[in-house]
Amino acid sequence: MDKKDYSSFGWADTATPDDIINAAIRLGIENMVNTSSIARVTAVNENTVDLELLNGDKVINVPLCASSFNGWTISLPIKQDDTGIVFFTKYEISNYKSTGEFSGESLSPYSQNNGVFVPFALFKQPAISEDIVITNSIVNITINKDNEISVTNGKASLLINKEGGLAVTCESDITIDTQKDINITCNNASIETQANAEIKASGNVTVDGATVSFCGATAAQGAVAVGSPCPLTGTHSKGSTKVFTPGT
């Protein structure tokens, strides 16, 4: 094998001009052109995130790609260590990021300064199903293939079934506070309590029905107007003094 003198090493001794050009292009692509990368959130700012890429590079103030359309926006509770993918755009997006101006110049194409972050996870994903599910360790919101909607957080649940029925179950109080009227129209109504029930009104209370029944050991203070027929059982008072005996 011929010995070469490497004291005066030159490119021409090892590569053709095409090899040199290809190597330069390859190095440029590897070091200057960025298309996308899996990324991890290292900090959350007002409306941007700082990211660490898989290769260890750091990029800061990357806009979060949250859904926004027709005046609606969806806010995402991004936290440190969440993962996703960052896309680097061909055109400069600084004007769009700062003012919403829809224009771009082909400066620094695919630069890490032109990133947009989309959060998601590529591991521990739920099984693919026909339902739409939004869930965390406690809350579950499901829209199934029959267009039924269920919401639960372990303490309360709401279900809208495919027949249009509504079921609410909870372990705490239900409060309805309105400055206007509440109107309930239905076929039959039933209210059952395990403790006391109380109706208060600053005006009149009217009970109207073909048959009105009041059942209990005692009932009524002040004036109570009832229609006929009205079977009364137990001991009741009408007005402040008059008492009806059971069965009257």
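Some points on the pairing of strand β2 (residues 48-53)
Both faces of the sheet carry side chains from a regular strand, because those side chains alternate between them.
For step 1, the next point in the chain: Among the 6 residues that make up β2, 5 are buried, leaving the element largely enclosed by the rest of the structure.
For step 2, the next point in the chain: Pairing analysis gives 5 bridges linking strand β1 (residues 36-44) to β2, with the strands arranged antiparallel. Opposite Val41, over in β2, you have Leu51 as the bridge partner.
For step 3, the next point in the chain: Between β1 and β2, which pair antiparallel one after the other, the connecting turn spans 3 residues.
For step 4, the next point in the chain: Where β2 meets strand β3 (residues 58-63), 4 bridges bridge the pair, whose relative direction is antiparallel. Its bridge partner being in β3, Leu51 is matched across the sheet by Val59.
For step 5, the next point in the chain: If you look at the hairpin formed by β2 and β3, you'll find 4 residues sitting between the two strands, and Gly56 has a positive phi there, around 95 degrees.

Regarding the packing of aromatic side chains
For step 1, the next point in the chain: Evaluated as defined, the whole model comprises 1 aromatic pair.
For step 2, the next point in the chain: Plain terms: the ring middles of Tyr96 and Phe102 are 6.4 Å apart, the flat faces sit at 80 degrees to each other, and that makes the pair edge-to-face.
For step 3, the next point in the chain: For Phe102, a relative accessible area of 81% corresponds to the exposed category.

Calculation rules
Residues numbered from 1 in each chain as written. Predicted model: local features only at pLDDT ≥ 70, side-chain atom pairs only at ≥ 80, totals over all residues. Heavy atoms only, no water. Buried < 20%, exposed > 50% of the residue type's maximum accessible area, 1.4 Å probe, protein only. Helix = DSSP H or I, 4+ residues; strand = E, 2+ residues; numbered from the N terminus. Pairing = 2+ DSSP bridges. Phe/Tyr/Trp six-rings, centres within 6.5 Å; stacked < 30°, edge-to-face > 60°.

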